[in-house]
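Topology and contacts: notes
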Amino acid sequence: MDFLAEGNEKAAESVLEFVREAVTRFENLQPSIIEKLLDSLPSIKSISVLHAGLWILGEYCSTEEQIRSMLDAVLASIGDLPIVDTEIRESTKDDTDTTTTTVVSSSRVTADGTYATQSALSTVTNNNDDKPQLRTFLLDGEFFLGAALATALTKLSLRYQQVCVDGRARNKLTAQSMLILASIIHLGKSALPKKPISDDDVDWLSLCIRVLNDRSPILVSIFTFACRQSLQDMIGTIDLTKLKLSEAEKDIVKTDVDALINFSHILSNVNDGQAVDELELSLLQATEGSKKKDTDVSTTALSKVYQLTGFSDPIYAEAYINVNQYDIVLDVLVVNQTPDTLQNLTLELATLGDLKLVDKPSPITLAGNDFCNTKAQVKVASTETGIIFGNIVYDVSGVSGDKSCVVLNDIHIDIMDYIVPVLVPIPSLERCG
């Protein structure tokens, strides 16, 4: 119960969930749990935690002593009643804030050696506006907490009618509960709280007052019996769900931590319909070299075609890259997608890395909706990954002005494109070592 008074709201809510299940399952522990919860009620600082605590106390306070203790704790937390009249009366008092003035004198030595007296006036204001806990929450506009308090007081009053034999005591407790609820409604409709009360909270508080006044057998049964039965059903459903989850965990097949995992998404149907792991296949090709089949020539050629411009550009260009050892030949297809004739169309390329442009494409003239092929040769200087980038510059026939330019997409030349595995004899390796 010590966690309820601390600032950790999640820990306090977990404690209340445990308390709720404990008082539901173990009836012999209810008196001690209720007593400790009543002692911790004034020190709760969180609204949600106080809301849950009021609900538990309203549901499980069953004896005369527990109900009276609960009502006394509520009265102590809410302060003098009615709330509005008390607040107005306290705001008009002049002695709420007391001010203390103190004069402090001291002797000082001036620059010419004479003595002078220096006085200091200090003012201390003592604010004694310490309001009870529940009253502070209601003045802040937290009237949903008032609705929870109304539910708890209604259950306690109806249960007190069943356990108490003294008629005057029953009427007194009911009247005190109705006074608290009516005072909360009056406070919510006044201008004192920071936020006004909502219509739903007013309806619920009014309903609780009507239930305490009429004591309809159906409503009494709902407040005293049906609420607790719903809680027990909910806890039973949670237990059943946990039991099903535990049974489902038993059926889980457990494997060793060092067992290999085969992912179905990276399996390809090759080798006469048998599934092959692409990861193992790539490792095999890296160690033994990839063996290309004659039937894969078209597929390999298409895989080396790079789109350089977009379909909506005035010029569409794509390049086929042919790698022959350390020579890279770019066969570029240029398509004029406009009806105008393009003059001085030049493919300007540049390289990044250890790549050197050998042949620079010459300017061409391209008719409207026509296409042509141009080639560029790049020399590889070292085994590093390089980048080829550039643009296409052209003039439109019959139009004066600056040259038009289309920026090309970058081409990344991978080292694996021009490295071929070679079998090295063992004597050669020994000489190298």
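Everything here concerns the structure above.
Residues numbered from 1 in each chain as written. Predicted model: local features only at pLDDT ≥ 70, side-chain atom pairs only at ≥ 80, totals over all residues. Heavy atoms only, no water.

Turning next to helix α2 (residues 30-40). Each full turn of the α-helix corresponds to 3.6 residues, which orients residues three or four apart in the same direction. All of the buried residues in α2 are Gln30, Ile33, Ile34, Leu37, Leu38 and Ser40. One face of α2 carries all of its buried residues, which in axial projection span an arc of 165°. Opposite the buried face of α2, at more than 90 degrees from it, the exposed residues are Glu35, Lys36 and Asp39. (Buried < 20%, exposed > 50% of the residue type's maximum accessible area, 1.4 Å probe, protein only. Helix = DSSP H or I, 4+ residues; strand = E, 2+ residues; numbered from the N terminus. Arc of directions from axis to C-beta.)

Turning to the packing of helix α3 (residues 47-60) against helix α7 (residues 143-163), a few remarks are in order. Direction vectors running N to C along α3 and α7 enclose 10°, while the axes themselves pass 8 Å from each other. The orientation of α3 relative to α7 falls into the category roughly parallel. Listed contacts from α7 to Ile47, Leu50, His51, Leu54, Trp55, Leu57, Gly58 and Glu59 of α3 are Phe144, Leu145, Ala148, Leu149, Ala152, Lys155, Leu156 and Arg159. Residue composition of the contact of α3 with α7, by class: 11 nonpolar, two polar and three charged. (Axes fitted to C-alpha atoms, helices over the stretch in contact; angles between N-to-C directions. Parallel < 35°, antiparallel > 145°, perpendicular 65-115°, else oblique. Contact = heavy atoms within 4.5 Å. Nonpolar A, V, L, I, M, F, W, Y, C, P; charged D, E, K, R; others polar.)

Right, let's talk about the pairing of strand β6 (residues 315-324) for a bit. Direction of pairing for strand β5 (residues 305-307) relative to β6: antiparallel, over a ladder of three bridges. Among the inter-strand pairings, glutamine 307 is bridged to a residue of β6, identified as glutamate 318. Pairing of β6 with strand β7 (residues 327-336) involves 10 bridges; the strand directions are antiparallel. Counterpart to isoleucine 321 in the pairing with β7 is leucine 330. Remark: two residues form the turn of the hairpin made by β6 and β7, two consecutive strands paired antiparallel; glutamine 325 in that turn has positive phi of roughly 55°. (Pairing = 2+ DSSP bridges.)

So, on to a nonpolar patch on the surface. A surface patch of nonpolar side chains, amounting to about 260 Å² of accessible area, comprises Ile218, Leu219 and Ile222. On the secondary structure map, leucine 219 appears in helix α10 (residues 217-250). Look at leucine 219 and you get partly exposed, because its relative accessible area is 30%. (Patch = residues over 30% accessible without salt bridge, like charges linked within 9 Å, V, L, I, M, F, W, Y side chains within 5 Å. Areas by Shrake-Rupley, 256 points an atom, 1.4 Å probe, with all protein chains shown as cover. Salt bridge = Lys/Arg side-chain N within 4 Å of Asp/Glu carboxyl O.)

Moving on: the pairing of strand β12 (residues 386-396). Walk down a regular strand and you will see the side chains alternate between the two sheet faces. Within β12, eight of the 11 residues are buried, leaving the element largely enclosed by the surrounding structure. Pairing analysis gives nine bridges linking strand β8 (residues 342-352) to β12, with the strands arranged antiparallel. Paired with alanine 350 across the two strands is phenylalanine 389, which belongs to β12. One ladder, built from three bridges, connects β12 with strand β14 (residues 411-413); its direction is antiparallel. Within β14, the position partnered with glycine 386 by the bridge is isoleucine 413. Relative to strand β13 (residues 404-407), β12 is paired through four bridges, and the arrangement is antiparallel.

What follows is about the environment of valine 202. Along the chain, valine 202 turns up in helix α9 (residues 199-214). Classification of valine 202 by relative accessible area gives buried; the value is 13%. Sequence separation between valine 202 and isoleucine 185 is 17 residues, and the spatial gap between their C-alpha atoms is 6.4 Å. What valine 202 contacts, discounting residues up to four positions off in sequence, is Ile185, Lys189 and Ile197.

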